[in-house]
Structures are given as structure tokens and as C-alpha cells.
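Listed below, chain by chain, are the residues.
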Amino acid sequence: MAGETSITVVGNLTGDPELRFLTNGTAMAKFTVASTPRTLDRESGQWKDGEPLFLNCTAWRDLAENVAGSLTRGTRVVVHGRLRLSRWETAEGEKRQQHALDVDEVGPSLRFAQAKVSRTTRAKGGDGFTPNDAPDDVWNTAVPADAATASAGF
């Protein structure tokens, strides 16, 4: 959407992603990324850590399931998404706020590691969006739509 703040954060997962399912069956994964800036102190020649940033992240649907099945605590990740600000008031009347990230993309950082990528299969045939007869399409696992759906023009 226009006007939303998109950011990319590189850091380490502080724990294993927590996969949950909403009552309607939608998958949601919550995880926290810790990112600590490092600067070189020219006088001492030593690297010094800055203030760490802990960012709560939420991934949805297929992305959530892939995150939970692929990433674990300590994994260095690259996360891209939309920054959200939540504001609330505690029972004692204190006003609080917290930034979080609605994740659009996430993957392991390959700066200090290697990864083997395997694609997931899609099975959405008959949904009106996946063609039933796409030749040489390795992603195509569509099945023909039923006669009622076909005659309704969908």
C-alpha cells in the first residue's frame, strides 16, 4: 500500500518461530529478530557493538508455515516487511507503544552460511486462478473445475 513504511532488517532469530493457526485456519508465525550494529573504533582497532534492536515479526499463511519449517533460533535472516506501530494503555493507565514488522519476505542470510532451497508445491486447481492446462509448468498441479463452477463462468 502507498504510504506504508517498508524496511529490511538483517539479524538473528532470538527463538524458534511460533506457528499458530487462527480459528479460520489461517497460519501465523511469530518470531523476533535481534539486530546489533557494529562500528570500528579507529583508536583501538576493535569492533564495538551498538544498541541492539529487537523487532517482533509476524508472517502469514504459506510464508508462516515455511518460516516455521525452515528457520530456527540463532539463524541469521534477512527480513523485509511493513513497519507497524501498536499503542495501548496498561491496566495501571500507563501508555505504551511498540513497533513490529508485518513480514512480506524472509530468508536465511548467506553471508556466513549456505542454504539448500527446495520449492513447495501448490495445489490450487479449480480456484479460477491457476490454469488447468499449462504445458511444461512444474508448478501446475491443477485439477479440472467441476461442471457447476465451469458453467457459472468462474
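Here the structure is a predicted model, which means the values were calculated and not measured. (Residues numbered from 1 in each chain as written. Predicted model: local features only at pLDDT ≥ 70, side-chain atom pairs only at ≥ 80, totals over all residues. Heavy atoms only, no water.)

Trainee: I'd like to hear about unusual backbone geometry, residue by residue, with values.
Mentor: Despite not being glycine, Arg 61 has its phi angle at roughly 60°, a positive value. Along the chain, the position of Arg 61 falls in helix α1 (residues 61-70). According to the relative accessible area criterion, Arg 61 is exposed, its value standing at 54%. (Helix = DSSP H or I, 4+ residues; strand = E, 2+ residues; numbered from the N terminus. Buried < 20%, exposed > 50% of the residue type's maximum accessible area, 1.4 Å probe, protein only.)

Trainee: So what about the nonpolar core? Which residues, and what values?
Mentor: Core analysis: the biggest nonpolar cluster contains 17 residues, and Phe 31, Val 33, Cys 57, Val 77, Val 79, Val 103 and Val 106 have the highest contact counts within it. In terms of residues, this core owes the most to one element, strand β3 (residues 27-35), which gives four residues. Beyond its immediate chain neighbours, meaning those up to four positions away, Val 79 contacts Ile 7, Thr 8, Val 9, Phe 31, Val 33, Cys 57, Leu 101, Val 103, Glu 105 and Val 106. (Core = buried A, V, L, I, M, F, W, Y, C linked by side-chain atoms within 4.5 Å. Contact = heavy atoms within 4.5 Å.)

Trainee: Help me get a handle on the layout of surface pockets, residues and values and all.
Mentor: In this structure, the second largest pocket spans a volume of roughly 230 Å³. In terms of lining residues, the second largest pocket is bounded by Val 10, Gly 11, Asn 12, Ala 34, Ser 35, Thr 36, Arg 38, Trp 47, Arg 76 and Phe 112. Put simply, the parts of the chain that give the lining of the second largest pocket at least two residues each are β1 (6-13) and β3. Ranked by the residues each element gives to the lining of the second largest pocket, the list is headed by β1, at three residues. Class assignment for the residues of the lining of the second largest pocket results in four nonpolar, four polar and two charged. (1 Å grid on protein atoms, 1.4 Å probe; cavity = no way out; pocket = protein on both sides within 12 Å on 5 of 7 lines; lining within 4 Å. Points joined across faces, edges and corners; volume = space filled by probe spheres on them. Nonpolar A, V, L, I, M, F, W, Y, C, P; charged D, E, K, R; others polar.)

Trainee: Lay out the pairing of strand β8 (residues 95-108) with the relevant residues and their values.
Mentor: Summarising the sheet, strand β6 (residues 53-60) and β8 pair through three bridges and their orientation is parallel. Bridge pairing in β8 links Asn 56 to Ala 100. Direction of pairing for strand β7 (residues 76-89) relative to β8: antiparallel, over a ladder of 13 bridges. Bridge assignment links Ser 86 to a residue of β8, and that residue is Gln 98. With antiparallel pairing between neighbouring strands as the criterion, β7 and β8 make up a hairpin whose turn holds five residues, including Gly 93 at a positive phi of roughly 90°. (Pairing = 2+ DSSP bridges.)

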